[in-house]
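Architecture at a glance
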Amino acid sequence: MKLWPILLLSLLPFAAQAVQPGEHIASWTLLDQFDEPYTLNDQTQTLLVARSMDAAKLVNAALQDKPKGFLEARHTVFVADIQKMPALIAKMFAVPSMRAYSYRVMLDRDGRVVPRYAGDADKVLWLELHDGRVVKQQQFSTAEQLREALEH
């Protein structure tokens, strides 16, 4: 009977662990809003993670009026968690509206990437990377702060 608590705990989904400086981030592949694949690689210098619509809106506001290729020129990748969005809404409205953005959005439709990175749902997680390893981690709660960080 003492094994039941251990067995039950093993069945719970694992909570995201905060990535630590020096830790290597495992590669993944996601489709963007145009259904084009992108695989995280060692050239990526910044990973932006939005866990909610509010966080994604911060990124959109920070990138408003930025030219096409702005993120790519900075070796920055943006991942948005859309797993909680109803599939029909995502397919019919949300993803088509994202096609007007001047930047790529890697869409985590199944929740297999974003949960790897701990952070507040209403903030944008910024992971600074070097050769696939985390150098620095921070969160942004305003578009102005994020815009300023992206411009430096």
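Everything numeric in this text was worked out from a predicted model, so none of it was measured. (Residues numbered from 1 in each chain as written. Predicted model: local features only at pLDDT ≥ 70, side-chain atom pairs only at ≥ 80, totals over all residues. Heavy atoms only, no water.)

Digging into the pattern of salt bridges
Put simply, the test is: Put simply, a salt bridge is a Lys or Arg side-chain nitrogen that is within 4 Å of an Asp or Glu carboxyl oxygen. Numbering goes from the N terminus for both helices and strands, where a helix is a DSSP run of H or I of at least four residues and a strand is a run of E of at least two. Classification of residues uses two cut-offs on accessible area relative to the type maximum, computed with a 1.4 Å probe and protein chains only: under 20% is buried, over 50% is exposed, and between them is partly exposed.
What the rule picks out here adds up to four salt bridges. The salt bridge involving Asp32 is made with Arg104; its shortest N-O contact spans 2.7 Å. Taken together, the positions of Asp32 in strand β1 (residues 29-32) and Arg104 in the loop between α4 (87-98) and β5 (106-108) put the pair 72 residues apart, joining distant regions of the chain. According to the relative accessible area criterion, Asp32 is buried, its value standing at 2%. In this structure Arg104 comes out as partly exposed when scored by relative accessible area, which is 24%. A salt bridge links Arg109 to Asp35; the shortest N-O distance between them is 3.3 Å. In this pair, Arg109 is assigned in the loop between β5 and β6 (124-130) and Asp35 in the loop between β1 and β2 (37-39), connecting sequence segments 74 residues apart. Of the residues examined, Arg109 reaches a relative accessible area of 35% and is grouped as partly exposed.

Let's talk about the confidence of the model for the protein
The following threshold applies: Per residue, pLDDT measures the predictor's confidence, with a range of 0 to 100. Residues count as neighbours in contact if any of their non-hydrogen atoms are within 4.5 Å of one another.
Mean pLDDT over the protein stands at 88; residues scoring 70 or higher make up 88%. The weakest mean pLDDT in the protein belongs to helix α1 (residues 3-11) at 41; the strongest belongs to strand β3 (residues 46-50) at 98. Confidence drops under pLDDT 50 across residues 3-15; counting only partners more than four residues distant or on other chains, this segment forms zero contacts.

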